[in-house]
Amino acid sequence: MHTEECSAIGDSDVCNPAIDEDYHALAQLIARVGIVCGKPLTHECDCDKCPEGKPELCFDSLIEIGREIMVRMLEHFHREDDLMKALPRNRSTREHCAAHRREHVYFSTRYNQSVAPINVHHPVTGLRTVDTFISDWIRSHILEYDVKLASLLKTESLRQ
Ligand SMILES: [Fe+2]
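Residues numbered from 1 in each chain as written. Predicted model: local features only at pLDDT ≥ 70, side-chain atom pairs only at ≥ 80, totals over all residues. Heavy atoms only, no water.

Peer 1: Would you explain the state of the cysteines in this entry?
Peer 2: Linking two cysteines covalently through their sulfur atoms gives a disulfide. One pass over the structure, following the stated rule, counts zero disulfides. Unpaired in terms of disulfides, cysteine 58 finds its nearest cysteine sulfur in cysteine 37, a separation of 5.3 Å. Judged by its relative accessible area of 7%, cysteine 58 falls in the buried class. (Disulfide = S-S within 2.5 Å. Buried < 20%, exposed > 50% of the residue type's maximum accessible area, 1.4 Å probe, protein only.)

Peer 1: Would you explain the packing of helix H3 (residues 54-85) against helix H5 (residues 123-159) in this entry?
Peer 2: Orientation of H3 relative to H5, taken along the N-to-C sense of each, is 15°, at an axis distance of 12 Å. Judged by the angle between their axes, H3 and H5 are roughly parallel. For H3 against H5, the interelement crossing comes out left-handed. On H5, the residues touching Pro55, Cys58, Phe59, Leu62, Ile69, Met73, His76, Phe77, Glu80, Leu83 and Met84 of H3 are Pro123, Gly126, Leu127, Val130, Phe133, Ile134, Trp137, His141, Asp146, Leu149 and Leu153. Looking at side-chain class alone, the contact of H3 with H5 contains 17 nonpolar, three polar and two charged residues. (Axes fitted to C-alpha atoms, helices over the stretch in contact; angles between N-to-C directions. Helix = DSSP H or I, 4+ residues; strand = E, 2+ residues; numbered from the N terminus. Parallel < 35°, antiparallel > 145°, perpendicular 65-115°, else oblique. Left-handed = near helix turned anticlockwise from the far one by under 90°. Contact = heavy atoms within 4.5 Å. Nonpolar A, V, L, I, M, F, W, Y, C, P; charged D, E, K, R; others polar.)

Peer 1: Mind showing me how you'd approach helix H4 (residues 91-115) here?
Peer 2: Three- or four-residue spacings in an α-helix give side chains the same orientation, since the helix completes a turn every 3.6 residues. With 25 residues, H4 extends 37 Å between its outermost C-alpha atoms, agreeing within 8% with the 36 Å of an ideal straight helix rising 1.5 Å per residue. The complete set of buried residues in H4 reads Thr93, His96, Cys97, Ala99, His100, Glu103, His104, Phe107, Arg110, Tyr111 and Ser114. Of the surrounding secondary structure, the elements contacted by the buried residues of H4 are H3 and H5. Sitting at the amino-terminal end of H4 is asparagine 90, which places a side-chain oxygen 3.1 Å from the backbone nitrogen of serine 92. (Expected span 1.5 Å × (residues − 1). Polar contact = N/O pair within 3.5 Å; in protein donor to acceptor, adjacent residues only side chain to side chain.)

Right under this line is the structure:
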């Protein structure tokens, strides 16, 4: 299946089995972020209006999910790093790999920034930053860099 066809199937499928498996696991974590609060993450959503004990429960869930996202993210970056090492070295792959690795460092930093506001008294703030982080990762990183990596791997496999 071509990358274009695969992208049309789902927001995160890049048509590489290893990468796609990671994304499906991440998609489940994203879905869990979406149900932590039980209300849409609008600006009106305010933990001060929640029943006693609810913010602490949300906080515990968000901390657990945040840890899983971090573990999955780092595993995924390592996996992609190994895939990049397997590419033939030419100008196109060198440029892609250098930019792709810089993006992984950038998203690791972004992850730390997104979990920093997680607060036991007002977890919705952290929920919003984690939610934004994941959306940005999917929109700007997966669609721009991971799709390109899958395409380079596919081209290489066809040459062999
Ligand atoms: Fe990547």
